[in-house]
Amino acid sequence: MTLKMGVVGTGAIGREHIERITKRISGAEIVALSDIHQENAEQIIRDFKLDAQFFATDAELIAADVDAVIVSSWGPAHEETVLKAIEAGKYVFCEKPLATTAEGCKRIIDAEMKQGKRLLQVGFMRRYDAGYQMLKQALDAKEIGEPLMLSCQHFNPQVDENYTTDMAVVDTLIHEIDVLHWLVDDDYESIQVFYPKQTKNKLSHLKDPQIVHLVTKSGISIHAEIFVNCGYAYDIQCRVVGEDGILSLPEVSSLGIRKDAKRSENLLMDWKKRFMDAYDNEFNAFINAIEKTGSPSYPTAWDGYVAAVTADAGVKAQQSGEVEKIDLPETPDFYRI
Ligand code: NAD
Ligand code: ISE
């Protein structure tokens, strides 16, 4: 069965996902697009020569002949579209964040549980990145004993004027928030935020860089640096110190150049290429799991909720400067996959 997919939000990542489904992965086709800027969608239909229809609203797209909806609009718009799609019994691939608050995620969980089967997968693609999967396999195999300390960096070359201080947590660090507790298989206990010396290369309203300190229930210490105006590259790092050794996220392979008495390698400048394979893998998992089991794969709506609860505490910590507790209920059996 070829999954008929509609896309709500045809901007930067919506275009990327449409390209991968159209050109690189099998089992699905794009049949419907919707965007509040109609010209964005219509340009994509022309660029990819799609046999797809434009719908003025998400509701009209959801009511059309689609099996699944990709939600890649702006974060604050996700919850409304996701709820409409779930209530219509459609499968949903929702880009991060699932919703911009924990309460919003809870409303989505309640709607999905009412449907009686999982319909939704969240676009936390790092779990599908080969490097993070190597880290996960080594940690699960206790290669370095128990993990004790993690240090990460999430560096963007720059962000635009719409980017705000809280987005460093809810939009950027949210990827580490999701992938790290999965990596170490431990829930978060608390979060604290610090502001080191600030870069001159930022807009006046923004705090940048930021340091986030997370502690897990077993006491694992996580130090994460967020620097969204670093200028030099899109640079994602993750290092795990265990009882018996250290694991490091592999560097992205790049041609080594030796020339003029210098040695160099190119670095990437954004997420599109850095996680290209991970995005492809998450969509293959979505499509294949639906075909084989009738439900999408992980990360589930519960993972989206865990990330939102943690991010909410992170935003509180940005404002308080204090150690903020992260209170999470037990994972319902419905979401134990
Ligand atoms: P963008 O601004 O390039 O595109 C968003 C599109 O959604 C725009 O075309 C806008 O017109 C449209 N839109 C906004 N509200 C809408 C609504 N209510 N209904 C229909 N269309 C609407 O943004 P982007 O960079 O593509 O980000 C989109 C989402 O994807 C965000 O949630 C972002 O966090 C996420 N994202 C994820 C990754 C990742 O690595 N997984 C990377 C980039 C963006
Ligand atoms: C963006 O929305 C993404 O999700 C990227 O993966 C992340 O690196 C970037 O910081 C976010 O703004």
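Residues numbered from 1 in each chain as written. Chains lettered and ligands numbered in written order. Predicted model: local features only at pLDDT ≥ 70, side-chain atom pairs only at ≥ 80, totals over all residues. Heavy atoms only, no water.

UniProt annotation of "domain: Gfo/Idh/MocA-like oxidoreductase N-terminal" (unreviewed entry) refers to residues 4-124 when read in the numbering used here. In residues 4-124, the share of helix is 43% and the share of strand is 21%. The end C-alpha atoms are 22 Å apart. (UniProt positions renumbered as here; feature names shortened; annotations may be inferred. Helix = DSSP H or I, 4+ residues; strand = E, 2+ residues; numbered from the N terminus.)

Compared with an ideal rise of 1.5 Å per residue, which puts 14 residues at 20 Å, helix H5 (residues 102-115) spans 20 Å between its outermost C-alpha atoms and is within 8% of the ideal. Within H5, burial applies to Ala102, Gly104, Cys105, Ile108, Ile109, Ala111 and Glu112. Those residues of H5 that are buried lie in contact with helix H4 (78-87), strand E6 (120-122) and helix H10 (301-320). Two residues or fewer past H5, Gly116 is found with a positive phi of approximately 85°. (Expected span 1.5 Å × (residues − 1). Buried < 20%, exposed > 50% of the residue type's maximum accessible area, 1.4 Å probe, protein only. Contact = heavy atoms within 4.5 Å.)

As enumerated under the stated definition, the model contains nine aromatic pairs in all. Aromatic side chains Tyr128 and Tyr298 sit 4.9 Å apart centroid to centroid with 5° between the ring planes, which places their arrangement in the stacked category. Of this pair, Tyr128 sits in the loop between E6 and helix H6 (130-140) while Tyr298 sits in the loop between helix H9 (276-293) and H10, and the two are 170 residues apart along the sequence. Looking at Lys136, its charged tip hangs above the ring of Trp182, at a distance of 5.3 Å from the centre. Its guanidinium or amino end placed over the ring of Trp271, Lys272 lies 4.6 Å from that ring's centre, counting from NZ or CZ. (Phe/Tyr/Trp six-rings, centres within 6.5 Å; stacked < 30°, edge-to-face > 60°. Lys NZ or Arg CZ within 6 Å of the ring centre and 35° of its normal.)

Taken in spatial order, the seven strands make up an open sheet running E12-E11-E7-E10-E9-E8-E15, and their pairing is mixed. Looking along the sheet, the strands with just one partner apiece sit at the ends: strand E12 (246-248) and strand E15 (324-325). For strand E8 (residues 188-194) and E15, the ladder comprises two bridges, and the chain directions are antiparallel. Bridge pairing links Ser190 to Lys325 in E15. (Pairing = 2+ DSSP bridges.)

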